[in-house]
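Here is what each chain is made of, one letter per residue.
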Amino acid sequence: MAAIYQALYRRASSLFCRLHSTYIRRMRYLNELKEDDSLCRQAQTSGTFYLFHNLSPFLQKVGKKYLVPQLSAAEMKRILEKFKETEQWIEKSVLIGCSDEHVPHFALDLGALKKSVIESELKGSFTDLRKALFILDEKYSSLLASAQALLRWHDSHQYCSKTGQPTQKNVAGSKRVCHTSGIIYYPQMSPVVITLVSDGSRCLLARQPSFPQGMYTALSGFCDIGESVEEAVRREVAEEVGLEVDSLWYSASQHWPFPSSCLMIACHALVRAQQAEINMNSLELEEARWFGLEEIMEGLKREPRSSKQADGILLPWFPPKQAIAHQLICEWVKQQTS
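So, here's what we can say about the structure.

Reading the values: rules and limits
Residues numbered from 1 in each chain as written. Predicted model: local features only at pLDDT ≥ 70, side-chain atom pairs only at ≥ 80, totals over all residues. Heavy atoms only, no water. Core = buried A, V, L, I, M, F, W, Y, C linked by side-chain atoms within 4.5 Å. Buried < 20%, exposed > 50% of the residue type's maximum accessible area, 1.4 Å probe, protein only. Domains from an automatic or database assignment. Contact = heavy atoms within 4.5 Å. Pairing = 2+ DSSP bridges. Helix = DSSP H or I, 4+ residues; strand = E, 2+ residues; numbered from the N terminus. Phe/Tyr/Trp six-rings, centres within 6.5 Å; stacked < 30°, edge-to-face > 60°. Lys NZ or Arg CZ within 6 Å of the ring centre and 35° of its normal.

### Concerning the nonpolar core
Note that soluble globular proteins tend to have their nonpolar side chains buried in a common cluster. In this structure, Ile-194, Leu-196, Leu-205 and Ile-296 are the most contacted members of the largest nonpolar core, which totals 41 residues. Split by domain, the residues of this core number at least three in each of domain 1 (22–157) and domain 2 (190–337). Not counting chain neighbours up to four residues away, the residues in contact with Ile-296 comprise Cys-203, Leu-205, Phe-291, Phe-318, Ile-329, Trp-332 and Val-333. Counting 27 residues, the second-largest nonpolar core is a separate cluster that includes Leu-51, Ile-79, Leu-80 and Leu-122.

So, in structure tokens, the structure goes:
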């Protein structure tokens, strides 16, 4: 019996090492593409491309599902030739990843071309990313969010902040350089805390006027310079709903492209039930209120944007599964029911 366990352990260890090695090779290959312009330019001739138009990703509907098509380099060349554009357009693309087989993936924004003509040619549509996140499978969400954030960064960093001179992106799009000053600019993310507040038996959710009707989510806000995550959580909760955090703990993190490239740092916070009266900041929020477990569980069952009853009353619904706020809410439910 011991020999059988040892054999199984060796097989499991061998599989783990192979998977681990595949990941390491993939990461190192991506790093090579970022650092070597000639290698990345060569990769563009064999890679796949995800298309955007003014930062909206291209989707295709197949049956009831929406998919994000990958176009081959040959297909991209054909399309550009058809629209009388040169292959130099390919150099406007940015590297966003690669497969385990080292097929590189790029994102390219065709905002300078006529949208309706491209949609007709490729039989799909360019869709606002906020809407796309509600209708796509989770596997696409991170990829499209990263791609849009990188394309947006290049669009807004075309000039050096010191000299005012144009900056030049490298082929992979992992940096921009001002050749006048020698300054190298790298894409950056802004840290944001997102916090699910609980008083032990209820959780607090809020909405801003800009939210879709009926949607509630956890509290969030940008970290100030010099703040720790803990300080940012306590300040945001105090500012937005007038509550004092008694204790907090970290959950997870997620890149989020709205309003620009953000690192969402998700936390749970506990306030004392005896001091749980909400004093909402109406300059930042439209509504904030406590939700019981049953109401939360019912809200999780609802499809986004389908919260209106026959009598016109709006029932609350929550962010999609792709959003880390959804994960926080599910974790709270699990904690309450365990």
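### So, the pairing of strand E2 (residues 56–62)
The two faces of a sheet get side chains in turn, since along a regular strand they alternate between them. When strand E1 (residues 48–53) meets E2, the two strands line up antiparallel, connected through 2 bridges. Pairing of Phe-52 across the sheet is with Pro-57, part of E2. Count of turn residues in the E1/E2 antiparallel hairpin: 2 residues, of which Asn-54 carries a positive phi of about 50°. Alignment of E2 against strand E7 (residues 125–126), held across 2 bridges, turns out to be antiparallel. Paired with Leu-59 across the two strands is Ser-125, which belongs to E7. Note that E2 and strand E3 (residues 65–67) share 3 bridges and pair antiparallel. The partner of Lys-61 across the bridge, within E3, is Tyr-66. If you look at the hairpin formed by E2 and E3, you'll find 2 residues sitting between the two strands, and Gly-63 has a positive phi there, around 65°.

### As for the environment of Gly-221
Along the chain, Gly-221 turns up in strand E13 (residues 219–222). When its relative accessible area of 11% is taken as the criterion, Gly-221 is described as buried. Sequence-wise, Gly-221 and Val-233 are 12 residues apart; in three dimensions their C-alpha atoms are separated by 8.3 Å. When sequence neighbours within four positions are dropped, the list of residues in contact with Gly-221 reads Val-192, Val-193 and Glu-236.

### Re the packing of aromatic side chains
If you walk through the whole model with that rule in mind, you get 6 aromatic pairs. Between Trp-256 and Phe-258, the aromatic rings sit 5.5 Å apart at their centres with planes inclined by 80°, giving edge-to-face as the arrangement. In this structure, Trp-256 and Phe-258 share a single accessibility class: buried. Judged by centre distance (6.1 Å) and plane angle (80°), the ring pair of Phe-291 and Phe-318 falls under edge-to-face. Linking Phe-291 in strand E16 (residues 287–291) with Phe-318 in the loop between helix H8 (293–301) and helix H9 (324–337), this pair joins segments that are 27 residues apart in sequence. Taken individually, Phe-291 and Phe-318 each receive the classification buried, so the pair is uniform in this respect. Connected via pairs of aromatic rings, a cluster forms that spans Tyr-216, Phe-291 and Phe-318. Geometry around Tyr-216 places Arg-289 over its ring, the cationic atom sitting 5.5 Å from the centre.

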